[in-house]
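Geometric and topological summary
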Amino acid sequence: MTATPAAQAPADRSDREWWRSAVFYQVYPRSFADSDGDGIGDLGGVREKLGYLELLGVDALWICPVMRSPMADGGYDVADPRDIDALFGGMAAFDQLLAEAHARRLKVTMDLVPNHTSREHPWFQAALAAAPGSPERARYIFRDGRGPNGDEPPNNWPSIFRGPAWTRITEPDGTPGQWYLHLFAPEQPDLNWENPEVVADFEQTLRFWLDRGVDGFRIDVAHGMAKPPGLPDMESVSTKMLIHDDTDPRFNNPGVHDIHRRIRKVIDEYPHAVSIGEVWVDDNTRFGEYVRPDELHLAFNFRLAETPFTADAVRHAIDNSLAAVAPVGAVPTWTLSNHDVEREVTRYGGGAAGLARARAMILLELALPGSVFVYNGAELGLPNVDDLPEDALQDPVWERSGRTERGRDGCRVPIPWESEWPPFGFTVGESWLPIPPEWAALSVETQLEDVGSTLSLYRMAIELRGLRPEFAGPRIEWYGSPAGCLAFRRPGGLVCVLNASAAPIPLPPGELLLASASLTSGHLPPDAAAWLV
Ligand code: NOJ
């Protein structure tokens with residue numbers, strides 16, 4: 001079966017803004033399900049689990065990069081943006097997944113990486129073979145070094161993955177040569193978005209996938225493509241991993257907005273499609289600029305993913321996320337975790353309390369207006385795995401930090417599907433990261449028929465959110481609540497209460513629709529949330 005190109009299938013107008021209140025499910029393909037026994041998840045694995053995703057009730061998938069890549073950064077180092085890597089099953093597996101997902105009314109969004117390519121991309125190979133100042137070098141950001149012999153990097157920028165953001169090359173004649181910029185790993189050279197060829201090629205990539213039938217894109221480092229004139233030094237060199245300091249010259253340069261306007265023009269040719277930017281920008285006004293009507297449709301707001309489990313912090317994060325998009329009339333987005341950050345169960349303290357809080361927070365999140373992003377495994381209440389054996393670690397951060405920081409593998413451990421022992425049906429081989437034996441209790445098989453499980457909570461919550469009229473309305477109104485708690489109401493009538501205090505609290509009047517924990521004598525226990533209508 002092949003996908004119908006969008007060009008032949010005019011989008012249903014009623015379906016145009018399907019993403020406004022959608023629940024997106026983020027698939028980290030290496031870790032989701034393996035269909036060919038090599039120990040690494042693939043698109044055949046995703047296809048085999050579509051029934052599960054339908055049961056979970058999500059509206060759309062966001063699939064992390066599956067394009068051709070040497071996998072120096074889990075696929076965020078793309079060697080050919082218009083092909084699917086054989087590791088994930090190649091183009092045939094993609095087309096089949098797309099067609100079957102659509103047959104089940106699941107939208108499919110892909111992850112595109114416009115800020116950089118792989119070092120193996122033919123353009124970068126051509127740049128290495130060409131001379132300084134050549135058109136081949138001009139697609140990337142090559143500069144001469146500083147110091148008498150040019151042996152110091154052109155500026156003081158660090159890479160997000162540690163070490164300098166510049167690597168020196170050897171010129172074709174064997175002499176030490178120019179330096180190229182890589183905000184991430186050296187295997188990920190930054191593209192020069194001032195070069196019209198770079199812009200045209202990305203537009204071709206957008207059309208290529210949209211014509212194949214995809215429903216949109218998550219855009220990697222959407223605040224990073226434009227670089228400041230002259231590439232000035234940073235005033236203070238930060239070593240934080242996911243930088244969103246608004247004075248950082250590496251990101252959020254004003255020129256990025258023209259790039260987004262160009263991208264949006266292409267996407268608007270496919271009215272059903274959505275663009276979602278990864279935007280690590282704290283300032284609300286500057287964040288909102290990315291979702292003006294002619295730029296991205298949606299941008300990830302990471303405030304909830306960074307917020308501790310206290311009523312004040314959560315309320316502040318919600319207010320800020322709403323305030324960031326309100327002036328430009330954009331839709332808010334909510335996410336508790338993704339493949340780059342610690343899983344929420346661990347972030348909230350781990351163990352039973354961490355799990356209880358994560359369950360409460362998903363009810364809170366699904367009660368909010370806007371679109372919600374669920375990271376695969378969150379629906380099982382998976383924690384981070386922070387004791388992976390060192391020889392299993394693959395995040396480039398591990399080596400680049402001189403093996404002092406473990407990086408993000410702990411939130412990328414494969415999904416336990418079934419059976420009693422690792423690899424829990426994830427693969428018939430050896431999983432690329434080991435799965436802890438105690439995850440037997442968290443497997444899909446264990447949780448599916450248990451009405452009290454986290455998976456069942458997610459299923460019920462997603463279903464109610466999609467069906468009940470009380471979830472209508474683009475706003476929330478704060479309600480009075482006991483100290484350490486919060487409560488809000490949607491215009492449709494839903495009331496959501498979060499108890500982040502240490503004592504049980506009485507619930508406001510109304511019919512209880514769902515709670516993340518059993519009530520005790522009619523009271524909502526600590527570390528729990530409830531929905532009332
Ligand atoms: C953000 C992605 O989410 C992350 O996983 C990746 O390492 C960087 N961008 C670089 O592409």
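Residues numbered from 1 in each chain as written. Predicted model: local features only at pLDDT ≥ 70, side-chain atom pairs only at ≥ 80, totals over all residues. Heavy atoms only, no water.

The subject of this paragraph is the overall build of the chain. The helix and strand inventory of the chain stands at 14 helices and 20 strands. Rg of the C-alpha trace for the chain: 23 Å, near the compact-globule value of 24 Å for 533 residues, within the 12% margin. In terms of overall dimensions, the chain has C-alpha extents of about 80 × 50 × 50 Å along its principal axes. Counting across all 533 residues of the chain, residues that qualify as buried make up 59%. Expressed as a percentage of contacts within the chain between residues at least 6 apart in sequence, the contacts between residues at least 24 apart total 66%. Within the structure as shown, the chain displays about 20,200 Å² of accessible surface, and the carbon and sulfur contribution to it stands at 51%. Of the side chains in the chain, 47 bear a positive and 76 a negative charge, and the two mean positions are spaced by 5 Å. (Helix = DSSP H or I, 4+ residues; strand = E, 2+ residues; numbered from the N terminus. Rg over C-alpha atoms; globule rule 2.2 N^0.38 Å. Buried < 20%, exposed > 50% of the residue type's maximum accessible area, 1.4 Å probe, protein only. Contact = heavy atoms within 4.5 Å. Areas by Shrake-Rupley, 256 points an atom, 1.4 Å probe, with all protein chains shown as cover. Lys, Arg positive; Asp, Glu negative; His and termini not counted. Charge placed at Lys NZ, Arg CZ, Asp CG, Glu CD.)

A few words now on the packing of helix H6 (residues 196-212) against helix H7 (residues 256-267). For the pair H6 and H7, interaxial distance at closest approach is 10 Å and the crossing angle is 30°. Considering the angle they form, H6 stands roughly parallel to H7. H7 is crossed by H6, and the crossing has right-handed handedness. In this structure, H6 contributes Val 199, Phe 202, Glu 203, Leu 206, Arg 207 and Leu 210 to the contact, and H7 contributes Arg 262, Ile 263, Val 266 and Ile 267. Split into classes, the residues belonging to the contact of H6 with H7 amount to seven nonpolar, no polar and three charged. (Axes fitted to C-alpha atoms, helices over the stretch in contact; angles between N-to-C directions. Parallel < 35°, antiparallel > 145°, perpendicular 65-115°, else oblique. Left-handed = near helix turned anticlockwise from the far one by under 90°. Nonpolar A, V, L, I, M, F, W, Y, C, P; charged D, E, K, R; others polar.)

The subject of this paragraph is a negative patch on the surface. A cluster of acidic side chains, namely Glu 342, Asp 386, Asp 387 and Glu 438, defines a negative patch on the protein surface. For Glu 438, a relative accessible area of 57% puts it in the exposed group. (Patch = residues over 30% accessible without salt bridge, like charges linked within 9 Å, V, L, I, M, F, W, Y side chains within 5 Å. Salt bridge = Lys/Arg side-chain N within 4 Å of Asp/Glu carboxyl O.)

Below, the discussion takes up the environment of Tyr 270. Looking at where Tyr 270 falls in the secondary structure, it is placed in the loop between H7 and strand E10 (274-277). Using a relative accessible area of 8% as the deciding quantity, one classes Tyr 270 as buried.

Okay, the pattern of salt bridges next. A complete count under the given rule lists 30 salt bridges for this structure. A salt bridge links Asp 111 to Arg 218; the nearest nitrogen and oxygen atoms lie 3.0 Å apart. Taken together, the positions of Asp 111 in strand E5 (residues 107-112) and Arg 218 in strand E9 (residues 216-219) put the pair 107 residues apart, joining distant regions of the chain. Side by side, Asp 111 and Arg 218 carry an identical accessibility label, which is buried. Bridged by salt links that share partners, the residues Asp 73, Asp 340, Asp 395, Arg 408 and Arg 412 form one connected network.

So, about the nonpolar core. Of all hydrophobic cores here, the largest spans 148 residues; its most connected members are Phe 24, Tyr 25, Leu 43, Trp 209, Phe 217, Leu 364 and Trp 531. In this view, Phe 217 contacts Thr 109, Met 110, Leu 112, Leu 206, Trp 209, Leu 210, Ile 267, Val 274, Ser 275 and Ile 276; residues no more than four positions away in its chain are not counted. Formed by 16 residues, the second largest nonpolar core is a distinct cluster that contains Trp 157, Phe 161, Leu 183 and Val 221. (Core = buried A, V, L, I, M, F, W, Y, C linked by side-chain atoms within 4.5 Å.)

In any sheet, the strands associate via hydrogen bonds between backbone groups, in a parallel or an antiparallel arrangement. Pairing is antiparallel across the open sheet formed by three strands, whose spatial order is E6-E8-E7. On the outer flanks of this sheet lie strand E6 (142-143) and strand E7 (166-170), each paired with one strand and no other. Sheet topology note: the E6/strand E8 (residues 176-181) ladder contains two bridges and is antiparallel. Across the sheet, Arg 143 pairs through a bridge with Trp 179, a residue of E8. (Pairing = 2+ DSSP bridges.)

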